[in-house]
Amino acid sequence: MSVENIDSVLNEERLFEPAAIFKADARISSADTLATMRHHANEDYTGFWAEQARSEISWHQPFSTVLDKSHAPHYQWFSDGLMNVSYNCLDRHLETKGNHTAIVFEGEQGDIRTLTYHQLYADVCAFANALKAQGITKGDRIVIYMPMIPEAVIAMQACARIGAIHSVVFGGFSAESLKDRIEDAGARMLITADGGHRGGKIVELKAAADKALASGCATIEKVIVYQRTGHAIEFKEGRDLWWHDAIDCMDSICMPEWVEAEHPLFLLYTSGSTGKPKGIQHSSAGYLLGTITSMKWVFDIRDSDTFWCTADVGWVTGHSYVAYGPLAVGATILIYEGAPTVPNAGRFWDICQRHKVTIFYTAPTAIRALMKLGDEIPAQYDLSSLRLLGSVGEPINPEAWIWYHKTIGQERCPIVDTWWQTETGCIMIAPIPGAVATKPGSCTLPLPGIIADVVDENGNSINEPNKGGYLVIKKPWPSMLRTVWGDDERYIKTYWPKFGGKYYLAGDSARRDKDGYFWIMGRIDDVLNVSGHRLGTMEVESALVAHPRVAEAAVVGRPDEIKGEAIFAYVVLKGTRPAGGVDEVLTKELRAWVAEQIGPIAKPDDIRYSDNLPKTRSGKIMRRLLRTIAKGEEITQDTSTLENEAILLQLQGKV
Ligand code: WTA
């Protein structure tokens, strides 16, 4: 698909200047200050980042090389420096703010716990010692499959402390997905819990873990199980170990392992358009730096803030803006375990009120879902503690933006619409709230030191306003991914396939308006974005085809008011097509099947049965046509190359 043919239909002219009360004591409070930073970054790119790295990171051994391009596109930053991420998140705060609250936790059932920096440090050290006692050493991979509780962060920090590489798997993923990730990472250990509380039910994490391990995962030696729910679970002697037993008698001091700046901090699996999920590999120092600078620039973070990022640690947002960035700057974070509607639709606002949340960062899908429930619900709560709101994961439509601004932010709080990706490690394009005016639906301008552009097929900048093109990053940046775990070739092919390998290809299309503001238009590949989470069409298709009755499947996204995109599946069965293309029993079964294979998030919303899929003569599935049909739009594409034009009516659900 050529991105240049994408015309923008959105014409949003509203402009919101930073509110005076926010600007009054913002860290970056004027366009001039920001311009000076940008100027510095543009004139002396590596000097700019070196200065940030020296002032924001506590080094065990300072670096002398800033950017090493000799293995491009495997760029290295600060490579001869030694440091430790957990030291930067914990130890360095102890003297000045050991008694400052690090984590405020609220369980779905209402249980509340707070941890000071000193307590968090002691818990992380004890668990790090427990990992060492189990024989874990630097470079070992550990998979974490946990509910959204402080122990998830403690486990991540403990890995970082001893140089083990964690890979967190979202607790909503199935046994199958867990197994694939464990095997790809070659993990020695799995850290999980008996279960978690979500939506008034228990999420059976240990049961799913047992299932995954029973079907493979030969590299796993030990499973550490945190007792969260206390319900009965199976326990395998010799392999399974309770968290509380593992830390029993462990010292609450553990010296950090000093690692090279480039030592992998974590792998996080994310979907691509083809093949299995990719293990995105991040570094230690460069990654940490990006999370710190963005915490300061975009979130304007202070000691007096209570920062609530609602993302689960299973996603990159929960890595950068729960487990690492906020702790590295010594902030107070809020962690909530459960669903936004338990016990009622006011839960988020109730939490904001009771814990006096000052910065609230969530996804458009949540904003739209809460917006649908009406203004009366947030109106029942005191939201006056809020001072800044954020959005991430997909484009936020202007209607939801305005609602967020008026009803939640009460026209007082700036909104930071933050564009970034698992691969970028931290926020790349977003407003600096005290210095950049916002426009509903635009993520505004790249951060200082991030050289983003919109280019055409040949890599030339598109200067004509509002003309769509490829979103690229033209210079390597510290928090960028380093590779795809175990697959350098895939890293190069996926992210550097065009423009002579010079620019990072984000996979999104974008346009810039007359003021240079960026507007993200969508993915250029076949990646679905459901509720702000990326899912490869391939993954859902493979799951469907794995069902004994399915011969072939194609899935596409169709716009959905709440989820952003809903999944529409076209299925060809082995044997005869159900009469009229409808089989509700089978549809139910297939939806449950996909939930089992990947996770409930991947369940198709619609399934339509046909005798065939529309293919070109060369055998390619005509996805664009399927998208048109899924949207219920009139077909304007040329269908003459179709092998079997008659199936169009079946695909449209007309026969
Ligand atoms: C999309 C999430 C528009 C985009 C941090 C990107 C967005 C993908 C925005 C990455 C935004 C993320 N506006 N689109 N503010 N933020 N996206 O890896 O398509 O889960 O490429 O990282 O989400 O999703 P990922």
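This one's a predicted model, so the numbers in the text were calculated from it and none came from an experiment. (Residues numbered from 1 in each chain as written. Predicted model: local features only at pLDDT ≥ 70, side-chain atom pairs only at ≥ 80, totals over all residues. Heavy atoms only, no water.)

**Student:** How do you make sense of the state of the cysteines when you look at a structure like this?
**Tutor:** Simply put, the disulfide is a covalent bond whose two ends are the sulfur atoms of two cysteines. Under the criterion given, the structure shown has zero disulfides. Cys249 forms no disulfide, and the closest cysteine sulfur to it belongs to Cys254, at a distance of 16 Å. A relative accessible area of 75% places Cys249 in the exposed class. The closest cysteine sulfur to the non-disulfide-bonded Cys309 is located on Cys352, 13 Å from its own sulfur. Taking relative accessible area as the criterion, Cys309 reaches 3% and is therefore assigned buried. (Disulfide = S-S within 2.5 Å. Buried < 20%, exposed > 50% of the residue type's maximum accessible area, 1.4 Å probe, protein only.)

**Student:** Looking at this model, I keep getting lost on the layout of surface pockets. Mind explaining?
**Tutor:** Gaps left between atoms show up when a probe the size of a water molecule is rolled over them. For the second largest pocket, the calculated volume is near 280 Å³. Of all the secondary-structure elements, those providing two or more residues to the lining of the second largest pocket are helix H7 (175–185) and helix H17 (537–545). Counted by class, the lining of the second largest pocket contains five nonpolar, four polar and five charged residues. (1 Å grid on protein atoms, 1.4 Å probe; cavity = no way out; pocket = protein on both sides within 12 Å on 5 of 7 lines; lining within 4 Å. Points joined across faces, edges and corners; volume = space filled by probe spheres on them. Helix = DSSP H or I, 4+ residues; strand = E, 2+ residues; numbered from the N terminus. Nonpolar A, V, L, I, M, F, W, Y, C, P; charged D, E, K, R; others polar.)

**Student:** Please clarify how the nonpolar core should be interpreted in this entry.
**Tutor:** Across soluble globular proteins, nonpolar side chains have a tendency to be buried as a group. Grouped together as the largest cluster of nonpolar side chains are 172 residues, with contacts concentrated most on Phe78, Phe127, Leu131, Leu190, Ile191, Phe299 and Tyr321. Residues within four places of Phe127 in sequence aside, it is in contact with Ile154, Ala155, Ala158, Ile191, Ile224, Trp243 and Ile247. Tyr336, Val357, Phe360 and Ala400 belong to the second largest nonpolar core, which has 28 residues in total. (Core = buried A, V, L, I, M, F, W, Y, C linked by side-chain atoms within 4.5 Å. Contact = heavy atoms within 4.5 Å.)

**Student:** Looking at this model, I keep getting lost on the site of the ligand. Mind explaining?
**Tutor:** Lining the immediate surroundings of the ligand are 17 residues, of which Asp417, Thr418, Thr422, Asp508 and Arg534 lie closest. Pro395 places a main-chain nitrogen or oxygen 3.4 Å from a nitrogen atom of the ligand. With respect to the ligand, the side chain of Arg534 contributes an N or O atom lying 2.7 Å from an oxygen atom. Those elements that provide at least two residues to the shell around the ligand are helix H11 (316–328), strand S20 (415–418) and strand S25 (518–523). Tallied by class, the residues present in the shell around the ligand amount to six nonpolar, six polar and five charged. (Near = heavy atom within 4 Å. Polar contact = N/O pair within 3.5 Å; in protein donor to acceptor, adjacent residues only side chain to side chain.)

**Student:** Explanation requested: H17 in the structure shown.
**Tutor:** Spacing of three or four residues puts side chains on the same side of an α-helix, whose turn is 3.6 residues. Of all the residues in H17, the buried ones are Thr537, Glu539, Val540, Glu541, Ala543 and Leu544. Structurally, H17 contributes buried residues whose contacts are with strand S26 (527–530), strand S27 (533–536), strand S28 (550–560), strand S29 (564–573), helix H18 (584–597) and helix H19 (623–630).

**Student:** Whenever I open this one, the packing of helix H3 (residues 45–56) against helix H10 (residues 285–297) confuses me. Can you help?
**Tutor:** In the contact formed by H3 and H10, the axes pass within 10 Å of each other and the chain directions differ by 85 degrees. Classified by the angle their axes make, H3 and H10 are roughly perpendicular. On H10, the residues that touch Phe48, Trp49, Gln52, Ala53 and Glu56 of H3 are Leu289, Ile292, Thr293, Lys296 and Trp297. Residue classes in the contact of H3 with H10 are distributed as six nonpolar, two polar and two charged. (Axes fitted to C-alpha atoms, helices over the stretch in contact; angles between N-to-C directions. Parallel < 35°, antiparallel > 145°, perpendicular 65-115°, else oblique.)

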